[in-house]
Amino acid sequence: MNNFTPRKIVEELDKYIIGQASAKKAVAIALRNRWRRQQLSDEMKEEILPKNILMIGPTGVGKTEIARRLAKLAQAPFIKLEASKFTEVGYVGRDVESMIRDLTNLALNMVKTEQMEKVQEKADALAEEKILSILLPPPRSQNKKTTTDTTEPAEEEKDNYKHTREKLRTQLKEGKLDSRYVDLEVREKAMPFGVVSNMGMDELETNLKDMLGNFLPDKSKKRKVKVPEAMHIIREEEAGKLIDMDKVIREAIERTEQNGIIFIDEIDKIASKGSAHGPDISREGVQRDLLPIVEGSTVSTKHGPVRTDHILFISAGAFSIAKPSDLIPELQGRFPIRAELSALGKEEFMRILQEPKNALIKQYISLIQTEGVDIKFTDNSIEEIASTAASVNEKTENIGARRLHTILEKLLEDISFDAPDMKDINVTIDAAYVNDKLSDIIKDEDLSRYIL
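Remember, predicted model here, so these are calculated numbers, not experimental data.

(A) A look at the overall build of the protein chain. What the protein chain contains, in helices and strands, is 19 helices and 11 strands. Out of the 452 residues in the protein chain, the part that is buried amounts to 40%. Expressed as a percentage of contacts within the protein chain between residues at least 6 apart in sequence, the contacts between residues at least 24 apart total 78%. Carbon and sulfur atoms make up 50% of the accessible area of the protein chain, which amounts to about 25,300 Å² in all.

(B) Representation of the environment of leucine 412 within the structure. Topologically, leucine 412 is positioned in the loop between helix H16 (402-411) and helix H17 (413-418). Leucine 412 gets classed as buried once you look at its relative accessible area, which sits at 1%. Linking leucine 412 and isoleucine 429, residues 17 residues apart in sequence, is a C-alpha distance of 9.5 Å.

(C) Seen up close, the pairing of strand E2 (residues 78-82). Along E2, four of the five residues are buried, which leaves the element largely enclosed by surrounding structure. Inspection of the sheet shows E2 paired to strand E5 (residues 261-265) by five bridges, in the parallel sense. The residue of E5 that forms the bridge with leucine 81 is isoleucine 264.

(D) Structural view of the sheet that holds strand E9 (residues 337-340). In space, the five strands of this open sheet follow the order E2-E5-E8-E1-E9, with parallel pairing throughout. Every interior strand has two partners, whereas the edge strands, E2 and E9, have only one. Averaged over all pairs of adjacent strands, the angle between their axes in this sheet comes to 20°, without regard to strand direction. Strand contacts of helix H5 (residues 98-118): E2, E5 and strand E8 (312-317), with the helix running at about 150° to E2, the strand carrying the most contacts.

(E) Looking closely at the side chain of arginine 37. In this structure, arginine 37 sits in helix H2 (residues 21-38). Buried charge arginine 37 goes without a salt bridge, the closest partner of opposite sign being glutamate 46 at 4.4 Å. Here the side chain of arginine 37 touches isoleucine 48 through a polar contact of 3.2 Å, landing on its backbone oxygen. Leave out the neighbours within four places in its chain, and arginine 37 touches Lys45, Glu46, Ile48, Gln258 and His310.

(F) Structural detail: helix H15 (residues 379-395). The end-to-end C-alpha distance of H15 is 25 Å, a good match for the 24 Å that 17 residues give at a rise of 1.5 Å each. Residues Ser381, Ile382, Ile385, Ala386, Thr388, Ala389, Ala390, Val392 and Asn393 constitute the buried set of H15.

(G) Fine view of a nonpolar patch on the surface. The grouping of Leu40, Met44 and Ile48 at the surface amounts to a nonpolar patch, some 230 Å² of accessible area in total. Counting through the fold element by element, methionine 44 comes out in helix H3 (residues 42-47). With relative accessibility at 44%, the residue methionine 44 sits in the partly exposed group.

(H) Expanded view of the nonpolar core. Grouped together as the largest cluster of nonpolar side chains are 60 residues, with contacts concentrated most on Phe377 and Ile429. Membership of the second largest hydrophobic core comes to 31 residues, among which are Ile267, Val286, Val299 and Ile328.

(I) Spotlight on a negative patch on the surface. A contiguous patch of negative charge, built from Glu155, Glu156, Glu157 and Asp159, is present on the exposed surface. Structurally, glutamate 155 is set in helix H7 (residues 151-173). Using a relative accessible area of 42% as the deciding quantity, one classes glutamate 155 as partly exposed.

(J) View of the packing of helix H13 (residues 346-354) against H15. At a closest axis distance of 8 Å, the pairing of H13 and H15 adopts a crossing angle of 130°. Looking at the two axes, H13 sits oblique to H15. For the element pair H13 and H15, the recorded crossing hand is right-handed. Facing Lys346, Phe349, Met350, Leu353 and Gln354 of H13, the residues of H15 in contact are Ile382, Glu383, Ile385, Ala386, Ser387, Ala389, Ala390 and Asn393. Partitioned by chemical class, the residues of the contact of H13 with H15 number eight nonpolar, three polar and two charged.

(K) Unusual backbone geometry, seen in detail. Although it is not a glycine, glutamine 75 adopts a positive phi angle of roughly 50°. Of note, glutamine 75 is situated in the loop between helix H4 (63-74) and E2. Since its relative accessible area comes to 63%, glutamine 75 is described here as exposed.

(L) Just the packing of aromatic side chains, in detail. Under the definition given, this model contains zero aromatic pairs. Above the face of the tryptophan 35 ring, arginine 32 is positioned so that its terminal group lies 4.0 Å from the ring centre. Looking at arginine 69, its charged tip hangs above the ring of tyrosine 16, at a distance of 3.7 Å from the centre.

(M) The pattern of salt bridges, seen in detail. For the structure on display, the rule yields 29 salt bridges. Among the ionic pairs, arginine 169 bridges to glutamate 128, the shortest N-O distance being 2.7 Å. With arginine 169 in helix H7 and glutamate 128 in helix H6 (residues 120-135), this residue pair connects regions lying 41 residues apart in the sequence. Exposure class is identical for arginine 169 and glutamate 128. Each is buried. Beyond isolated ion pairs, a larger network of salt bridges with shared partners links Glu128, Glu129, Arg165, Glu166 and Arg169.

What counts as what
Residues numbered from 1 in each chain as written. Predicted model: local features only at pLDDT ≥ 70, side-chain atom pairs only at ≥ 80, totals over all residues. Heavy atoms only, no water. Helix = DSSP H or I, 4+ residues; strand = E, 2+ residues; numbered from the N terminus. Buried < 20%, exposed > 50% of the residue type's maximum accessible area, 1.4 Å probe, protein only. Contact = heavy atoms within 4.5 Å. Areas by Shrake-Rupley, 256 points an atom, 1.4 Å probe, with all protein chains shown as cover. Pairing = 2+ DSSP bridges. Axes fitted to C-alpha atoms, helices over the stretch in contact; angles between N-to-C directions. Lys, Arg positive; Asp, Glu negative; His and termini not counted. Salt bridge = Lys/Arg side-chain N within 4 Å of Asp/Glu carboxyl O. Polar contact = N/O pair within 3.5 Å; in protein donor to acceptor, adjacent residues only side chain to side chain. Expected span 1.5 Å × (residues − 1). Patch = residues over 30% accessible without salt bridge, like charges linked within 9 Å, V, L, I, M, F, W, Y side chains within 5 Å. Core = buried A, V, L, I, M, F, W, Y, C linked by side-chain atoms within 4.5 Å. Charge placed at Lys NZ, Arg CZ, Asp CG, Glu CD. Parallel < 35°, antiparallel > 145°, perpendicular 65-115°, else oblique. Left-handed = near helix turned anticlockwise from the far one by under 90°. Nonpolar A, V, L, I, M, F, W, Y, C, P; charged D, E, K, R; others polar. Phe/Tyr/Trp six-rings, centres within 6.5 Å; stacked < 30°, edge-to-face > 60°. Lys NZ or Arg CZ within 6 Å of the ring centre and 35° of its normal.

Structure, rendered in structure tokens:
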């Protein structure tokens, strides 16, 4: 993280997201401030809280992608959720604390995977020995005390066993045993089902299952599997035994508290207009439930208590009907950084189609290439696609860059369908081809509403 200055963070985001410079700048500073905070004394570190961000802009302009790419850069636990899925206490729906539990579980999986990679070499060696023992069980005479008369035959048997085992080891490494089946004993935890209804009580059910599962014995189940699958199962089992789960849990909680990023989308959907009845009461209730989590509180999880004081919250909304000022003042105050994202037009669409690392044109070319068909887009075809997307967005609902996916799917529908029968053919897509495929739909506004 030391190498990621705000400028470099923006440069990395530029590889995937076109435009939206102010939003990129805001998140880059927020991420750098995390590193700065880690350099301070423990006393000062506790005092500095993250500056949460509110991104305002229409759908399909890159709000989610900015947050997702930021988390990937920081290698931080990250979850995205919709504010409209939460309801205030007493209503059916997920409680707001579940986002912290989800984030902790995600961090736990991240740390566990990292720790298992560190012991992978040792786990591989143990798995190899176990597989060899299954393929060639040790001779019984090795387990018994031998008399003086039988010492020589026993030694000879032992040498033969070692020689055969090494021969098998070579074959195993060369993949010559991959088609063989072995009987493997797999341990399964007996789990009680249907303990509690899952109506907003997912965490309670998980805890009850864990608690009751500890009282139930492990069940062994014999499975006939091929050698590579058996190696994978045993390797995972051995790696699990080699890691210290208590240490993993401690590190996961630390990572959640210090590096966690939560992206709350559609926050404008819970903005209240100030009326005293109807659904607005529920919306305000969700805001009031969110407030302590964003402000900083301690949430109980099955892995232990998690503090939310230093988790970075990025919220986003189109705010086409409601305004940021319609959020309750306390919640507004917890999102001090405002980043406005602008709507996308023809010029941005042309860049989105070609420039990013994951540009849509590159994606479709690669997909069709798997069938042995090469597609080439001319410059005027890209301009025509961008122009069509901008035009349809103006006439119908503006869904931003997502419109490009819809148009390209429709444009390449016939090629995608016929590609397996078009081996070693080059297809050039020009403006005339784009007009031919899309002009009728664009002219018929009612039809374009449904198809594009």
